[in-house]
Amino acid sequence: MRKIIQPAVAGTADRNDAAALLQRNALAGHELLAGPGPLGAGRAGHPTGVHVPGLRSLVEESWQRSVQFRANPDNPEAPLALDQEELEEYRRQHPLATIMPVIHKLLVLPSHDSGLLVAVGDEVGRLLWVEGDAVMQRRAEGMMFVAGADWSEASVGTSAPGTALAVGRSIQISGAEHYKRSVHPWSCTAVPFHDPDSGALLGVVDITGTESAVAPHTLSLVEATVAAAQAQLRVERLQLAAARQAAPARRRPQASASRTPSAAEGSLYRNSLQLLGRDQALLSIEGRTVALSARHSEILALLSVHPDGLSAEELCTLLYPGEGTSMTLRPEMVRLRKVLQQLSPDAVPGSRPYRLPMDLMPDSSQVLNCLQRGAHRIALEIYRGAVLPRSEAPGIVELRDRVSSLLREAVLTDGSADALLKYAELPEAKDDVDVRLAALKLLPARSPKRAAVVADLERLETELSA
């Protein structure tokens, strides 16, 4: 097992020369970051699309995002996002916990004494596990490459874990291509981890070390490991579903709402509520999914974004456009409890106040979390449309407006031309002139995409002048 990850074999002189040239170009780019020129000014709060000669295009784009996020290249440490207690609880419940034995067998065990570290992070760039070579672990603590630290682009700038999440694909970052100067002695390879069933982004798997961390075979190894882990997650889910089907009806869960699922069972899925772009929410708990009525969708959406609970009066105010009373609410809650009891007794809301007994992640909150951390590309991927678009519940209207306006602001402020064009495809952006003008400004003069944008703008001008 210890021979799976090997130091990179020396390449040809041409390959070495090319790598050395990339490093010289990256170091020259850091002179721009430190100086009074456009990149330095951008870091102070005036983002620009400045060109950094000699950088790979994906690295240059990441540096530009880092400037816009005001990440500090001179700060040697990543910020700590989770303390030890929060980290342990979060890891225990995270879907990636169940595939860690695969990661450990294929990557971690071979990495011991090899000068390499293996890190697994969540979908917003927080490192949940960092294991591997003991000497390198101690060295990495100096830049806070540790479990619980935030390695998103918004926090540390360009790095393999954060940038792989930002662009949604495998990536290798070498030496001075990192935005932070303290990370220049390191190189890394990272591959996003997607849910094998839904395709949702769950996290990222990374190998960090010296030059061998960006060898071609390292990328292939990490991609193969991620594929194996995805397959294992799917197998465990199928086994769980088969066990449930085989269980006699009398033995199926009928426990009280206080029953806590086992860690192994609970970690296979992330309990979720899909609200974006649909009038009836989809509720998924422990691998079981049900479509909710419009009213039940509203109630669960409101309870999910108020984890401390709501009194009957508070819930009525957020739920009913007119004058709703607890007498109106009570029968709805009775019907909702029956639906949830059949899905999972653990999901039945408590009362006084009305409160969900388990963590439930609405996709609207995923978007907001990504925006808060500067991961607007991931937010845009998750965003399928407005929150319960036909709902008139005051609390839903407020949530819908908040998510929509924050996403639009982020895309207009920090988005690339492709991000702006993707946003323009949304129903709510159908007549958004500002988004199209911003995209047109960023598109190259000879881009074939310009014609469609210009045609859209002419259509909107005609409609507005009619």
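Bear in mind the structure is a predicted one, so any value in this text is a computation, not a measurement. (Residues numbered from 1 in each chain as written. Predicted model: local features only at pLDDT ≥ 70, side-chain atom pairs only at ≥ 80, totals over all residues. Heavy atoms only, no water.)

In spatial order, the strands read E2-E1-E5-E4-E3; together these 5 strands make up an open sheet with antiparallel pairing. Strands at the two margins of the open sheet, each flanked by one partner only, are strand E2 (127-132) and strand E3 (171-174). Averaged over neighbouring strand pairs, the angle between their axes works out to 20° when direction is ignored. Of the pairings in the sheet, the one linking E3 to strand E4 (residues 187-194) comprises 4 bridges and is antiparallel in character. Residue pairing across strands places Ile171 opposite Ala190, the latter belonging to E4. The strands touched by helix H4 (residues 84-93) are strand E1 (116-122) and E2; relative to E2, the strand with the most contacts, the crossing angle is about 90°. Those strands touched by helix H8 (residues 160-167) are E1, E3, E4 and strand E5 (201-209), and its axis lies near 145° from that of E5. (Pairing = 2+ DSSP bridges. Helix = DSSP H or I, 4+ residues; strand = E, 2+ residues; numbered from the N terminus. Axes fitted to C-alpha atoms, helices over the stretch in contact; angles between N-to-C directions. Contact = heavy atoms within 4.5 Å.)

So, on to the pattern of salt bridges. Under the criterion given, the structure shown has 19 salt bridges. Residue Arg181 pairs with Asp74 through a salt bridge whose shortest N-O separation is 2.3 Å. One end of the pair, Arg181, is in the loop between E3 and E4; the other, Asp74, is in the loop between helix H3 (57-69) and H4, and 107 residues separate them in sequence. Arg181 gets classed as partly exposed once you look at its relative accessible area, which sits at 26%. Arg408 is the partner of Asp432 in a salt bridge, and the nearest nitrogen-oxygen pair spans 2.6 Å. Here Asp432, found in the loop between helix H17 (417-424) and helix H18 (433-442), pairs with Arg408, found in helix H16 (residues 394-414); they are 24 residues apart in sequence, far enough to count as distant. Judged by relative accessible area, which is 27%, Arg408 ranks as partly exposed. (Salt bridge = Lys/Arg side-chain N within 4 Å of Asp/Glu carboxyl O. Buried < 20%, exposed > 50% of the residue type's maximum accessible area, 1.4 Å probe, protein only.)

Let us look at the pairing of E5. Burial within E5 is extensive, with 9 of its 9 residues counted as buried. As paired elements, E4 and E5 share 8 bridges and run antiparallel to each other. Looking at E5, one finds that His194 is bridged to Leu201. Linking E4 back to E5 in an antiparallel pair, the connection comprises 6 residues, with Gly199 at a positive phi of about 80°.

Moving on, we come to the nonpolar core. Residues Leu273, Leu283 and Leu329 are the most contacted members of the largest nonpolar core, which totals 86 residues. Excluding anything up to four places from it in sequence, Leu329 contacts Ile299, Ala312, Leu315, Cys316, Leu319, Tyr320 and Tyr354. Counting 25 residues, the second-largest nonpolar core is a separate cluster that includes Val102, Val118, Val191 and Val226. (Core = buried A, V, L, I, M, F, W, Y, C linked by side-chain atoms within 4.5 Å.)

Our next topic: helix H12 (residues 312-319). Along H12, the positions that sit buried rather than exposed are Ala312, Leu315, Cys316, Leu318 and Leu319. Here the buried residues of H12 occupy an arc of 170° about the axis, which is enough to place them on one side. Facing away from the buried side of H12, by more than 90 degrees, are the exposed residues Glu313 and Thr317. (Arc of directions from axis to C-beta.)

A word on the environment of Ala424. Examined against the element boundaries, Ala424 turns out to sit in helix H17. Ala424 sits in the buried class, given a relative accessible area of 13%. Placed 12 residues apart in sequence, Ala424 and Arg436 show a C-alpha to C-alpha distance of 7.1 Å. Other than its neighbours up to four places away in sequence, Ala424 contacts Ala429, Lys430, Val435 and Arg436.

The phi torsion of most residues other than glycine is negative, and most of the peptide bonds are trans. Across the junction of Arg352 and Pro353, the peptide omega takes the value 0°, indicating a cis bond. Within the secondary structure layout, Pro353 lies in the loop between helix H13 (326-343) and strand E9 (361-362). With a phi close to 60°, Arg70 is a non-glycine residue in the positive phi region. Relative to the assigned elements, Arg70 resides in the loop between H3 and H4. The exposure class assigned to Arg70 is exposed, which follows from its relative accessible area of 53%. The phi dihedral of Arg352 falls on the positive side, at around 55°, and the residue is not glycine.

Turning next to the packing of helix H11 (residues 294-304) against H13. At a minimum axis distance of 10 Å, the contact between H11 and H13 shows a crossing angle of 90°. Taken together, the axes of H11 and H13 lie roughly perpendicular to each other. Counting all contacts with H11, which are made through Arg295, His296, Ile299 and Leu300, the residues of H13 involved are Leu329, Glu332, Met333, Arg335, Leu336, Val339 and Leu340. Tallied by class, residues from the contact of H11 with H13 come to 7 nonpolar, 1 polar and 3 charged. (Parallel < 35°, antiparallel > 145°, perpendicular 65-115°, else oblique. Nonpolar A, V, L, I, M, F, W, Y, C, P; charged D, E, K, R; others polar.)

One open sheet holds the 4 strands; their spatial order is E8-E7-E6-E9, and the pairing between them is mixed. Edge positions in the open sheet fall to strand E8 (288-291) and E9, since each of these has one partner strand only. Two strands pair when backbone bridges link them, and strand E7 (residues 282-285) and E8 are joined in this way by 4 bridges, in the antiparallel orientation. Bridging from a neighbouring strand, Leu283 pairs with Val290 of E8. Seen against the sheet, H13 touches E7 and E8 and runs at an angle of roughly 155° to E8.

Looking now at helix H5 (residues 100-111). Taken together, the buried positions of H5 are Met100, Val102, Ile103, Leu107, Val108, Pro110 and Ser111. Asp113 sits one or two residues past H5 and shows a positive phi near 65°.

Along the polypeptide, Arg91 turns up in helix H4. One buried charged residue, Arg91, remains without a salt bridge, the closest side chain of opposite sign being Glu88 at 5.2 Å. (Lys, Arg positive; Asp, Glu negative; His and termini not counted.)

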